[in-house]
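Fold and geometry: a report
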Amino acid sequence: MDNFQALRAQIRAYLIFVVLIENVLLVGGIWFVVKYLNVSLDSVALGAYGVSVIMTFIITFAAADYALIPLKAIWQAIVHLVPNESGVAAPDINKMVVGRTLVASLTAQIYQIVTVAEHSESVAFKRSSDLSANFIANNLPLPLLVLDANQTILFANTTTCTYLGRQSNDLIGQNLYSVLNMSFPSEKTLDSWLKKTKESAVTASQLWERVRLNVTDNQPTRLFDLAAYYNTDNPQHYETLLVLFDHTAQYSQDDQAIGFVALSVHELRTPLTLLRGYIEAFDEETQGKLSPELEGFVAKMNATAQQLSAFVNNILNVARVDNDQLSLQLHEEDWSEIIKSTVDMMSLRAKVRGISLVQNIADGLSTVGADRISIQEVIANLIDNAIKYSGASKEIIISTKLNGEGLIETTVQDFGVGVPSAVLPNLFTKFYRDHHNRAQIGGTGLGLYLAKAIVTAHGGNIWVDSKEGKGSTFSFTLLPYAKLAEETKNSDNKELVRSAHGWIKNHSLYRR
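Every value quoted in this text rests on a predicted model; they were computed, and no experiment measured them.

Rules used in this analysis
- Residues numbered from 1 in each chain as written.
- Predicted model: local features only at pLDDT ≥ 70, side-chain atom pairs only at ≥ 80, totals over all residues.
- Heavy atoms only, no water.
- Helix = DSSP H or I, 4+ residues; strand = E, 2+ residues; numbered from the N terminus.
- Buried < 20%, exposed > 50% of the residue type's maximum accessible area, 1.4 Å probe, protein only.
- Contact = heavy atoms within 4.5 Å.
- Areas by Shrake-Rupley, 256 points an atom, 1.4 Å probe, with all protein chains shown as cover.
- Core = buried A, V, L, I, M, F, W, Y, C linked by side-chain atoms within 4.5 Å.
- Axes fitted to C-alpha atoms, helices over the stretch in contact; angles between N-to-C directions.
- Parallel < 35°, antiparallel > 145°, perpendicular 65-115°, else oblique.
- Left-handed = near helix turned anticlockwise from the far one by under 90°.
- Nonpolar A, V, L, I, M, F, W, Y, C, P; charged D, E, K, R; others polar.
- 1 Å grid on protein atoms, 1.4 Å probe; cavity = no way out; pocket = protein on both sides within 12 Å on 5 of 7 lines; lining within 4 Å.
- Points joined across faces, edges and corners; volume = space filled by probe spheres on them.
- pLDDT = per-residue confidence, 0-100.
- Pairing = 2+ DSSP bridges.
- Salt bridge = Lys/Arg side-chain N within 4 Å of Asp/Glu carboxyl O.

Here we come to the overall build of the protein. Helices and strands together make up the secondary structure of the protein, namely 16 helices and 16 strands. Taken across its 512 residues, the protein has 39% of its residues classed as buried. For the protein, the share of sequence-separated contacts (at least 6 apart) that also reach a separation of at least 24 residues comes to 65%. With an accessible surface of roughly 29,100 Å², the protein has 57% of that area assigned to carbon and sulfur atoms.

Here it is in structure tokens:
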């Protein structure tokens, strides 16, 4: 007889015993009342009925509790094993009076099932967390790196090893920044993004374009887009995933194109300088001697020559920035005078378009530490952009003042087509142009990139506020010369010489 049959027989015996006792007590009570108390039979029958009802309730409750003892014990065993449950103790089988054998057998099987399940889960978790055994991760046709909270490399797939020319053992366990010497086209590097993200987010993702991987052992420099996914809340402690999309061929062509164009336009400087000289001389000699129509032609020639000259300078300087060859000599300069002379230089170009340049220069501005030629190029590029994107507007406002932070702040404001909000984050990226009006308005996508590099080299910042259809305001700051000189005294670099860098180094210190 199995354990279940034994339990059923035990409960049946218990119920039969209880019912027999009830009947014996009831019949005995009726006999005693009729014989010794002289109570009528009708009254005895009525009383017996009431007693029978009461005893039925008592026996039912007692029998139910007795019959459910094994089920309660099994329930305790199951709930006791459920995670996050507290206060339910395991059943004490030795104290059970009914179904002890059956409950002992079932709970043993329950414990065994749970043990096997936990082991299986542990094995599955271990297998899933071991990316080296993960077919998809290891055979992904893109370089994949997995980092922990300290940017230590936990996993590098086969493609990564091939891409970097390194063995897996040389990468696993190493700090990312000791393995990948990356440079970025802006100050928003991987390291700065991770620092900011860890302070404010649980999950985040980011994409960088045109990241440069500086390699050694005479290997060619690699250029790629970098995608990062950050997740601080996962049991495997895989905090950051990096995927590299190689575009070396495409981006190298762009860089080579800049180099080739720079080499080509360099040969234009001499004839262009002669051309501008002849135009200016012709303009001076013919003042008041030409018809208004011819004077307009001369003005347009002069403005076009200036624009071509600015284009040549932009190309050459961008090439110098990218090759880290643009060196700036900072001298004490009268900022008001630089603004006025640059606006005068650009006024002819604006006049040809029927646009007036309005100057708002605050009184008593302090001198600045600036490389006069390069900073004039920044102002000229901003004004030239404002002219091109003014649309039907006929006014551009150039303002400069001392801001609340003690910096010289200059703004160039137009009231033209404006810039869509989605475009704003990319405006200072090399070659980037707004696709909405690329066909209607000419340009190279280099002016703002160069302006940012030069302003940053001066120790300032540049930014833009714009609303589509309402115009744009480009602003930048420079250090007053006194503050710049004071910083120089307190630093190791005693010369007011700066380099404009097109690539921003990522954090490269090994973190312990």
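Right, let's get into the nonpolar core. It is characteristic of soluble globular proteins that their nonpolar side chains tend to be buried jointly. Residues Trp335, Ile375, Ile383 and Phe476 are the most contacted members of the largest nonpolar core, which totals 43 residues. Looking at this core element by element, the count peaks at 8 residues for helix 14 (residues 372-388). Those residues in contact with Trp335 that lie beyond four places of it in its chain are Leu365, Ser366, Val368, Ile375, Ile379, Thr400, Ile408, Thr410, Phe476 and Leu478. Among the nonpolar cores identified, the runner-up in size contains 27 residues, and Tyr163, Val179, Leu180 and Leu213 belong to it.

Their axes nearest at 10 Å, the elements helix 13 (residues 335-352) and helix 14 cross at an angle of 40°. One element, helix 13, and the other, helix 14, form an angle in the oblique class. Judged by the sense of rotation from one axis to the other, the crossing of helix 13 with helix 14 is right-handed. Contacts between helix 13 and helix 14 involve Trp335, Glu337, Ile338, Ile339, Ser341, Thr342, Val343, Met345, Met346, Arg349 and Ala350 on the former and, on the latter, Arg372, Ile375, Gln376, Ile379, Ala380, Ile383, Asp384 and Ile387. For the contact of helix 13 with helix 14, a count of residues per class yields 12 nonpolar, 3 polar and 4 charged.

For the rest of this paragraph, the subject is the environment of Val358. Following the sequence through the fold, Val358 ends up in strand 9 (residues 356-361). It is 9.9 Å that separates the C-alpha atoms of Val358 and Ser347, two residues lying 11 residues apart in sequence. When sequence neighbours within four positions are dropped, the list of residues in contact with Val358 reads Glu395, Ile396, Ile397 and Ile398.

Most of helix 15 (residues 447-457) sits inside the fold, with 10 of its 11 residues counted as buried. Among all positions in helix 15, only Gly447, Leu448, Tyr449, Leu450, Ala451, Lys452, Ala453, Ile454, Val455 and Ala457 are buried. Of the residues trailing helix 15, Gly459 is marked for its positive phi of about 90°.

Within the fold, Tyr481 resides in helix 16 (residues 481-489). Since its relative accessible area comes to 22%, Tyr481 is described here as partly exposed. Linking Tyr481 and Glu332, residues 149 residues apart in sequence, is a C-alpha distance of 5.9 Å.

The next subject is the layout of surface pockets. Quantified by volume, the largest pocket comes out at close to 670 Å³. The wall of the largest pocket is formed by 22 residues, among which Pro185, Ser186, Pro425, Asn426 and Thr429 lie closest to the centre. Every element with two or more residues in the lining of the largest pocket is listed here: strand 4 (203-213), helix 15 and strand 13 (462-467). Among the elements that make up the lining of the largest pocket, the one with the highest residue count is strand 4 (5 residues). For the lining of the largest pocket, the class distribution of residues is 12 nonpolar, 4 polar and 6 charged.

Time to look at the confidence of the model for the protein. Averaged over every residue, the pLDDT of the protein is 77; residues scoring 70 or more account for 76%. A low-confidence stretch, residues 491-495 stays under pLDDT 50, and its non-local contacts, those more than four residues away or across chains, total 5 contacts.

In terms of burial, strand 12 (residues 408-414) is largely enclosed, as 6 of its 7 residues are buried. In terms of strand pairing, strand 11 (residues 395-402) meets strand 12 through 7 bridges, oriented antiparallel. Residue pairing in the sheet places Ile398 in a bridge with Val412 of strand 12. Here strand 11 folds back onto strand 12 in antiparallel fashion, the turn holding 5 residues, of which Gly406 has a positive phi close to 80°.

Within the structure shown, the criterion is met by 6 salt bridges. As a salt-bridge pair, Lys198 and Glu239 come within 3.1 Å of each other at their nearest N and O atoms. Of this pair, Lys198 sits in helix 9 (residues 190-200) while Glu239 is found in the loop between strand 5 (222-231) and strand 6 (240-246), placing the two residues 41 residues apart along the sequence. We note a salt bridge from Lys388 to Asp384, for which the minimum N-O separation is 3.9 Å. Taken together, the residues span about one helical turn, with Lys388 and Asp384 both in helix 14 at a distance of 4 residues. In this structure Asp384 comes out as buried when scored by relative accessible area, which is 12%. One network of salt bridges, with partners in common, ties together Glu333, Glu337 and Arg372.

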